[in-house]
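# Structural characterization, general
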Amino acid sequence: MPHLMLTTTLLLLALSSTPAAPATKPAAAEKKLEFDKHYLVLLKRAPNAPKMEPDALQKLQGEHLAHLTRMAESGKMVLAGPFDEQDDVGLRGACIYRTATKQEARQLAEQDPMVKAGRLQVEVLAWYTEKGYLAFPKAPPAEAPKPTQK
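First, a word on scope: everything that follows refers to the structure included in this document. If you're wondering where the values come from, they're calculated on a predicted model, not measured in any experiment. (Residues numbered from 1 in each chain as written. Predicted model: local features only at pLDDT ≥ 70, side-chain atom pairs only at ≥ 80, totals over all residues. Heavy atoms only, no water.)

### Quick look at a nonpolar patch on the surface
Convention followed: Within this analysis, patches are made of residues with over 30% relative accessible area and no salt bridge. Like charges are joined at 9 Å or less; nonpolar side chains (Val, Leu, Ile, Met, Phe, Trp, Tyr) at 5 Å or less. Here the accessible surface of atoms and residues is derived via Shrake-Rupley with a 1.4 Å probe, and residues count as covered only by protein chains that are part of the display. Salt bridge, as used here: a side-chain nitrogen of Lys or Arg that lies within 4 Å of a carboxyl oxygen of Asp or Glu. Secondary structure elements follow DSSP: runs of H or I no shorter than four residues count as helices, runs of E no shorter than two count as strands, and numbering proceeds from the N terminus.
There is a patch of nonpolar side chains on the surface, built from Leu33, Phe35 and Tyr128 and spanning about 330 Å² of accessible area. Its location among the elements puts Tyr128 in strand 4 (residues 120-130).

### Describing the pairing of strand 3 (residues 91-97)
Residues in a regular strand project their side chains so that they alternate between the two faces of the sheet. So the rule is basically this: Only protein chains enter the area calculation, which uses a 1.4 Å probe; residues under 20% of their type maximum are buried, those over 50% are exposed, and those in between are partly exposed. In this analysis, strands are considered paired if DSSP registers two or more bridges between them.
In terms of burial, strand 3 is a largely internal element, five of the seven residues being buried. The pairing of strand 1 (residues 35-45) with strand 3 spans six bridges and is classified as antiparallel. Paired with Lys44 across the two strands is Leu91, which belongs to strand 3. Both strand 2 (residues 77-82) and strand 3 contribute to a ladder of five bridges, which runs antiparallel. Directly across from Ala80, in strand 3, lies its bridge partner Cys95.

### Quick word on the pattern of salt bridges
Under the definition given, this model contains six salt bridges. The residue Lys44 makes a salt bridge to Glu123 at a minimum N-O spacing of 2.8 Å. With Lys44 in strand 1 and Glu123 in strand 4, this pair connects stretches of sequence that are 79 residues apart. Overall, Glu123 belongs to the partly exposed group, its relative accessible area being 30%. Arg106 is paired through a salt bridge with Glu110; the nearest N and O atoms lie 3.6 Å apart. A relative accessible area of 28% places Arg106 in the partly exposed class. Note on Glu110: relative accessible area 34%, which makes it partly exposed.

Laid out in structure tokens, this is it:
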């Protein structure tokens, strides 16, 4: 038993000791990470979505697609698409908005005719990616920030 106690004590001492700093040159200043911020809008089937006749639903789908096209042409939305093969069939699609605030992304997404009709609801998340990793070559350029008036 004393042998076990001695071994345990030595192991604890070895684990708690701080290793000496390696004898190498100091590392160059680490690159500071910079991030781009976008808003991920999840389009979800509303739990109590109203039933619609097929013709009315087809018309509403056309209006939904027209809304997404307008958002893309404005440069406020840079990507959108439906989901498939997902475990949660209530998740219908996603959009990436390039807006100044979460509130603006939500307001634009809620103008979607499918949302107004109660067929879809939106969930808006701020999404950070390392600067320069995402590019949207087909999206119009983002509006330059307007100078603030003093």
